Structures are given as structure tokens and as C-alpha cells.
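Report on the structure
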Amino acid sequence: MYPDRVVSGMRPTGALHLGHYHGALKNWIKMQSELPCLFFVADWHALTTHYDDPSAIEGNTWDMVIDWLAAGVDPSQATLFIQSKVPEHAELHLLLSMATPLGWLERVPTYKDQQEKLADRDLATYGFLGYPLLQAADVLIYRASLVPVGEDQIPHIEMMREIARRFNHLYGKEKGFEEKAKEAVKKLGSKRAKIYNELRTEYQEQGKEDALEQAKAMLDEAQNLSMIDRERLFGYLEGSRKLILVEPQARLTEASRLPGLDGQKMSKSYGNAIALREDKDSVVKKVRTMPTDPARVRRTDPGEPEKCPVWQLHQVYSDNDTKDWVLKGCRSAGIGCLECKQPVIDAVLKEQEPMRERAQKYIDDPSLVRAIVADGCDKARKLAQDTMRDVREAMGLSYS
Ligand code: SF4
């Protein structure tokens, strides 16, 4: 099997906010220490909806990478790069488009949703229809095993899996595959080869899934196989084709628990966001002017935290003692709203402090960010080129 790998991207939409931090970046930071991770700026995706005004993309890209680094994404652990700097994404997108049925793209739920939500934009374009396929290319080109997604993105991962399966089915036929696979079996050594053949028969004739898993585990452990022989043997277990592209799995991430200042989803366009590196005075002002339970007209009026967006921030930022203090103090009018907001202000500022510090060195010396991204692009490109070599060969385009 190909090594485990995580791929995730973000569209460069400008300064990130704390909703992005709690919803995605914290998860990236956790995963980067567990598995090889590739995180990319999806600048081509930004063009699918903003093709008529690309002026902000470049600036937003650098700002966003600084935000990632500020949040704790570590370039010594994860590979950070820009999608358009790895043109193999576009090549794979094009090649996959040859065999992707139009209906698969039209039925992606977000296609219609987005067209309705962004009714002010002309999205009747080829690029917009094809963006889930470009997403598929973004992932499949790295043979990624895992993609962190929210619940609403699961249909996209399902489609990526179907695309990989279809590709392997159409192009995984290798001349002399059966013979080459049999030769590879021999390389396992006689004892393992016998077990492999028995497990393969059990799976193919009786459909035993555990036999398949056992055989895969055995191949994972086999040290003396080349990558290509290993892939042949994986393919031979299930049929008579090589696995060229890997079917990724969705790693479900918790939906962001951090609401905006008005209790709705935090979003820059709703004007209810706190930027990741927002200026201290502005954070204080924003939280102090947040709406509260409308029942608390006067200081002496009791309130109900469940009806107050500040309470939702306490859920994320406060310990149990503070939450008890809020519940009791609010319901008895024992505390005022400004008093209640102070622990939230303190916690947000404390969370942002190391981010501001980390960001400063990149703001002072932008060449550091450029160097990190250039290095990431090189690494990503090498991996992408490996896959494209196999893809071209499988599609009869290697011209060697
Ligand atoms: S005391 Fe706190 S929870 Fe209660 S209404 Fe005021 S801000 Fe909201």
C-alpha cells in the first residue's frame, strides 16, 4: 500500500478568523504530528467563484499562510504549498475529466447549493462545475489516504473514491499483469507466497473480507518488495488490475464550536468574526459590544445564558467554575454583562498572544514565508510527479 498521507486545502479568502482556527487549523495542528500532511492554498479554487476579479488572490495567499504559521502549523512537520505552483494538479484534473461522467459532477449537492447561495455571481461556468473534480485531483495526485472534512464535504470524498476506482478499473490493466503479479508473489518467499495465495482464494471465492485484510497487512509488512510489485499484489488480491490511484477516506472533523459575535456561524461576510490576529483593542471592543440576552435591559434584570451568544463563547473558552459563575450570576442578576464578558475577552487575548508573536517574525521578514512555501512546493511537486508518471503510463501517454 502507498504510505498514509493527509491532504487538505483552503481557499485564500483573506485573513482567517478564530472560527477557522477552531474548525480546521486546530485539527491540522493535531494531525501534523501524527501523519505526513500536505496543506495547500487552493488558489485555483478561488478562481472558480472569483474569476472576474483575481486581484486579491496573491495577497490573500500570503496572509493566509502567515495565519497558518501563526496558529501553529509547523513547516518542519507539514508540507505547505500553493496549488497553482504544482501544475500536475491541472494535468491530472484534465485527464480525469476525460472519463468523469457529467452526471457525477451535477449531482454533487454543493453544486446547486452554491449556485443558489451565490446568486449574484455567474457560476454557469465549466470551472465551477468541475471544481469537485479539481478537488479530487488535489487529493488523488498525492495518493492521500485521509482527507479531513466536515459532514457537508462527505459527498465530495465519495466522488473522489468513485473517480479513483473508475480510473483504476479503466487504466489499471497492465500488459502481462497476471504474469508480473505471479512473479511478485514468488518474491514474498515460499511460506508467505503460500499464505498470500490461500488468502486471495478465500477472498475471491468466498468473499471473506478478513482474508483480504490479513493479506493486505502481510503485504504492508513485506520488506523486500518494490513499490510497484507491492501495488501489483494489492491489485491482484482484488482482481487483475494495478491500483494507480488511492481511494481516500474522509476523516470527519468536528464542526467548529466557535460561533460568531451574534451567535450565528462565524464568517467574515456576516461581519461577526474575530480575526486570528486581530488587534487587541478591537477584540475588546467587539466582545464588549456583543449582543446579550435581550431580557437584560437593566443591570438588575435577570437573564438566561442559553439565549445569549456570550454564553456560547464561554462554552469554548471557560472552565467549569467560570461557567457556573455565569449561569448563577446571569440568572440571579448577580453579575453584569460587561463583567460576564471579561473572562471571554481575557481568554481570546490569551489564545491570540502566541499567534501574534509567531506571526511577527514572518511579517518582519516575508522572505521566510516565501522560502517555506518554495520548499513545500518542491516537495509536493516531487510526489505529484511520481503519481503522474504512473498515470501517464497507464493512459498510454508516457512516450518513452
Ligand atoms: S450575564 Fe452573560 S450570559 Fe447573561 S446575558 Fe449577560 S452576557 Fe449573556
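Residues numbered from 1 in each chain as written. Predicted model: local features only at pLDDT ≥ 70, side-chain atom pairs only at ≥ 80, totals over all residues. Heavy atoms only, no water.

Overview of the overall build of the chain
The number of helices and strands found in the chain is 18 helices and five strands. Across its three principal directions, the C-alpha atoms of the chain cover 85 × 45 × 40 Å. Within the span of the chain, comprising 400 residues, buried residues form 48% of the whole. The contacts in the chain between residues at least 6 apart in sequence include a share of 77% that link residues at least 24 apart. When the accessible surface of the chain is summed, it comes to about 20,000 Å², and 51% of that surface belongs to carbon and sulfur atoms. Counting 56 positive and 61 negative side-chain charges, the chain places the centres of these two groups 2 Å from one another. (Helix = DSSP H or I, 4+ residues; strand = E, 2+ residues; numbered from the N terminus. Buried < 20%, exposed > 50% of the residue type's maximum accessible area, 1.4 Å probe, protein only. Contact = heavy atoms within 4.5 Å. Areas by Shrake-Rupley, 256 points an atom, 1.4 Å probe, with all protein chains shown as cover. Lys, Arg positive; Asp, Glu negative; His and termini not counted. Charge placed at Lys NZ, Arg CZ, Asp CG, Glu CD.)

Overview of the site of the ligand
Taken together, Thr292, Asp293, Arg296, Pro305, Cys308, Val310, Val326, Cys330, Cys337 and Cys340 make up all the residues around the ligand. Listing elements by their share of the shell around the ligand, those giving two or more residues are helix H16 (320-331) and helix H17 (337-364). Along the lines of polarity and charge, the residues of the shell around the ligand split into seven nonpolar, one polar and two charged. (Near = heavy atom within 4 Å. Nonpolar A, V, L, I, M, F, W, Y, C, P; charged D, E, K, R; others polar.)

What about the packing of H17 against helix H18 (residues 366-394)?
Closest axis-to-axis distance for the H17/H18 pair is 4 Å, and the angle between their directions is 95 degrees. Considering their axes alone, H17 and H18 lie roughly perpendicular with respect to each other. For the pair H17 and H18, contact is made by Lys361, Tyr362, Ile363 and Asp364 and by Pro366, Leu368, Val369 and Ile372, respectively. The residue inventory of the contact of H17 with H18, partitioned by class, reads six nonpolar, no polar and two charged. (Axes fitted to C-alpha atoms, helices over the stretch in contact; angles between N-to-C directions. Parallel < 35°, antiparallel > 145°, perpendicular 65-115°, else oblique.)

Overview of the side chain of Thr387
Note that Thr387 resides in helix H18. Leave out the neighbours within four places in its chain, and Thr387 touches Leu140, Ile141, Arg143 and Leu245.

Points about helix H8 (residues 131-140)
Within H8, ten of the ten residues are buried, leaving the element largely enclosed by the surrounding structure. All of the buried residues in H8 are Tyr131, Pro132, Leu133, Leu134, Gln135, Ala136, Ala137, Asp138, Val139 and Leu140.

A look at the pattern of salt bridges
For the structure shown, the criterion picks out 23 salt bridges. For Glu91, the salt bridge is made with Arg392, and the minimal N-O distance between the two is 2.8 Å. Of this pair, Glu91 sits in helix H4 (residues 88-99) while Arg392 is found in helix H18, placing the two residues 301 residues apart along the sequence. Glu91 gets classed as partly exposed once you look at its relative accessible area, which sits at 26%. A salt bridge links Glu278 to Lys286; its shortest N-O distance comes to 3.0 Å. Accessibility expressed as a relative area gives 27% for Lys286, which makes it partly exposed. (Salt bridge = Lys/Arg side-chain N within 4 Å of Asp/Glu carboxyl O.)

Some thoughts on the environment of Glu357
With respect to the secondary-structure elements, Glu357 resides in helix H17. Its relative accessible area of 55% is what places Glu357 among the exposed residues. Measuring from C-alpha to C-alpha, the distance between Glu357 and Val287 comes to 22 Å, with 70 residues separating the pair along the chain.

Section: the domain arrangement of the chain
The domains assigned to the chain are domain 1 (6-172 + 246-257 + 366-395), domain 2 (177-238) and domain 3 (277-363). Taken together, the 15 residues of domain 1 in the interface contact 14 residues of domain 3. The largest contributions to the domain 1 side of the interface with domain 3 come from Leu18, Ile66 and Ala70, which together make up 37% of the buried area. Remark: the boundary between domain 1 and domain 3 carries one salt bridge. Note that Arg277 is salt-bridged to Asp67, the shortest N-O span being 2.6 Å. (Domains from an automatic or database assignment. Buried area = accessible area lost by both parts, 1.4 Å probe.)

Comments concerning the UniProt feature "short sequence motif: 'HIGH' region" (unreviewed entry) in the chain
Sites flagged by UniProt as "short sequence motif: 'HIGH' region" (unreviewed entry) map to residues 12-20. For the annotated span residues 12-20, helix accounts for 33% and strand for 0% of the residues, and the straight-line distance between the end C-alpha atoms is 12 Å. (UniProt positions renumbered as here; feature names shortened; annotations may be inferred.)

A few points about a negative patch on the surface
A cluster of like negative charges, contributed by Asp113, Glu116, Glu151 and Asp152, occupies part of the molecular surface. Tracing the sequence through the fold places Glu151 in the loop between strand S4 (146-149) and helix H9 (154-171). Judged by relative accessible area, which is 60%, Glu151 ranks as exposed. (Patch = residues over 30% accessible without salt bridge, like charges linked within 9 Å, V, L, I, M, F, W, Y side chains within 5 Å.)

As for the environment of Asp74
Position of Asp74 among the secondary structure elements: in the loop between helix H3 (57-71) and strand S3 (78-82). Remark: the alpha-carbon pair of Asp74 and Ile29, spanning 45 residues in sequence, is separated by 7.6 Å.

Things to note about the nonpolar core
Core analysis: the biggest nonpolar cluster contains 94 residues, and Leu25, Trp68, Leu96, Tyr142 and Val391 have the highest contact counts within it. Counting only domains with at least three residues in this core, you end up with domain 1 (6-172 + 246-257 + 366-395) and domain 3 (277-363). When residues no more than four places from it in sequence are discounted, the contact partners of Leu96 are Leu133, Ala137, Leu140, Ile163, Phe167 and Leu245. Counting residues in each nonpolar core, the second largest holds 20 residues, with Ala181, Ala193, Leu199 and Leu225 among its members. (Core = buried A, V, L, I, M, F, W, Y, C linked by side-chain atoms within 4.5 Å.)

As for H17
Spanning 28 residues, H17 covers 39 Å between terminal C-alpha atoms, matching the ideal 40 Å at 1.5 Å per step. Roughly 30 degrees is the biggest bend found in H17, and it falls at Gln352, with proline Pro354 one to four residues downstream. (Expected span 1.5 Å × (residues − 1). Bend = angle between axes of the 7 residues up to and from the residue.)

Comments concerning the packing of aromatic side chains
Under the definition given, this model contains seven aromatic pairs. Between the aromatic rings of Phe81 and Tyr142, the centroid separation amounts to 5.6 Å while the plane-to-plane angle is 65 degrees, which identifies the pairing as edge-to-face. With Phe81 in strand S3 and Tyr142 in the loop between H8 and S4, this pair connects stretches of sequence that are 61 residues apart. The buried category is assigned to Phe81, whose relative accessible area is 1%. Its relative accessible area of 0% is what places Tyr142 among the buried residues. Each ring, one from Phe128 and one from Tyr131, has its centre 5.4 Å from the other, and the planes form 35 degrees; the classification is tilted. One aromatic cluster in this structure is built from Trp28, Phe39 and Trp68. The positively charged end of Arg166 is found above the aromatic ring belonging to Trp104, 5.7 Å away from the centroid. The side chain of Arg200 reaches across the aromatic face of Tyr236, ending 3.5 Å from its centre. (Phe/Tyr/Trp six-rings, centres within 6.5 Å; stacked < 30°, edge-to-face > 60°. Lys NZ or Arg CZ within 6 Å of the ring centre and 35° of its normal.)

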